[in-house]
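# Examining the three-dimensional arrangement
Single-letter residue listing:
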Amino acid sequence: MAKRRKLGNPLALAVMVTLWQKPMHPYEIAQTLRRQGKDASMKINYGSLYTVVQNLEKHGFVEVTEVERQGNRPERTVYGLTEAGREEMTGWLSDLLAVPVKEFPIFETALSLCGALHPDEAVRLLKERVQNLDVQAASGRAAVEKLCESLPRLFLVELEYQLHMVEAQADWVRGLLEEIEKGSLPGVDGWRHFHETGELPPEFT
């Protein structure tokens, strides 16, 4: 079972991993995350990142290592990872890699409730989804290929995973569509009968 963490925002883990590379100021952390393509797997903006850094400092996971002063520019506070931060980073990352956690993607919610739509409407919408997924997959492949020109594959494995998940979802939805349209999906006849007559089949109660 995964340990309950003092901080649950994945951006906090990303910040610690970035500071594990070397001490940085928050703006440099954001630039590094973007340069390494991490903004494709998490939401990054300077304001929230600065708050995350402050929370990490409050919990003793990062500390100020120096304050940079360059001419008339505003001061920049440089943060480094503490020993407690290294332990938290390693433990948290280990849990995330090793322990599966039930997540609740909104598409799963929609699938669980799609009986409220007529089967023909569900088919139309799922076909639209497949088209969107195919576009997303093509865009993802292009992005990975482009990033591979400047980054080692190590920094892109999460994008590869996202791409495979998109492609797998598209394949699964195509299979579901085929079953609905052929009438081979168990329960589909009752589903259609209910929408066309208003009578709830016995197997649905």
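Refer to the structure above for everything that follows.
Below is a short write-up of the structure. (Residues numbered from 1 in each chain as written. Predicted model: local features only at pLDDT ≥ 70, side-chain atom pairs only at ≥ 80, totals over all residues. Heavy atoms only, no water.)

On to the packing of aromatic side chains, then. Both the distance between ring centres and the angle between the ring planes are used here to describe each pair of aromatic rings. Following the criterion strictly, the structure yields zero aromatic pairs and no others. Arg129 extends its terminal NZ or CZ atom over the ring of Phe107, reaching a point 3.6 Å from the ring centre. (Phe/Tyr/Trp six-rings, centres within 6.5 Å; stacked < 30°, edge-to-face > 60°. Lys NZ or Arg CZ within 6 Å of the ring centre and 35° of its normal.)

Following both chains from N to C, one finds helix α1 (residues 10–21) and helix α3 (residues 46–58) inclined at 75 degrees, their axes separated by 10 Å at the closest point. The orientation of α1 relative to α3 falls into the category roughly perpendicular. Between α1 and α3, the contacting residues are Leu11, Ala12, Val15 and Met16 on the first element and Ser48, Leu49, Val52, Val53 and Leu56 on the second. Tallied by class, residues from the contact of α1 with α3 come to eight nonpolar, one polar and no charged. (Axes fitted to C-alpha atoms, helices over the stretch in contact; angles between N-to-C directions. Helix = DSSP H or I, 4+ residues; strand = E, 2+ residues; numbered from the N terminus. Parallel < 35°, antiparallel > 145°, perpendicular 65-115°, else oblique. Contact = heavy atoms within 4.5 Å. Nonpolar A, V, L, I, M, F, W, Y, C, P; charged D, E, K, R; others polar.)

Ranked by size, the top nonpolar core spans 23 residues in total, and within it Leu11, Val15, Met16, Leu19, Ile29, Leu49 and Leu56 carry the most contacts. Residue assignment for this core shows that the elements contributing at least two residues are α1, α2 (26–35), α3, β2 (76–81) and α4 (83–98). Beyond its immediate sequence surroundings of up to four residues, Leu49 is in contact with Leu11, Val15, Pro26, Ile29, Ala30, Leu33 and Ile44. (Core = buried A, V, L, I, M, F, W, Y, C linked by side-chain atoms within 4.5 Å. Buried < 20%, exposed > 50% of the residue type's maximum accessible area, 1.4 Å probe, protein only.)

Now for the side chain of Thr18. By the element assignment, Thr18 lies in helix α1. If sequence neighbours within four positions are ignored, Thr18 has contacts with Met24, Ile29, Thr32 and Leu33.

Given a rise of 1.5 Å per residue, 13 residues ought to cover 18 Å, and the 18 Å separating the end C-alpha atoms of α3 matches this to within 8%. Listing the buried residues of α3 in full gives Leu49, Val52, Val53 and Leu56. For α3, the angular spread of the buried residues around the axis is 100 degrees, confining them to a single face. Buried residues along α3 sit in contact with α1, α2, β1 (62–68) and β2. After α3 finishes, the residue Gly60 shows a positive phi value of roughly 80 degrees. (Expected span 1.5 Å × (residues − 1). Arc of directions from axis to C-beta.)

One pass over the structure, following the stated rule, counts 16 salt bridges. Between Glu158 and Lys38 there is a salt bridge, with its nearest N and O atoms 3.2 Å apart. Of the two residues, Glu158 is situated in helix α7 (residues 157–182) and Lys38 in the loop between α2 and α3; the sequence distance between them amounts to 120 residues. For Glu158, a relative accessible area of 18% corresponds to the buried category. (Salt bridge = Lys/Arg side-chain N within 4 Å of Asp/Glu carboxyl O.)

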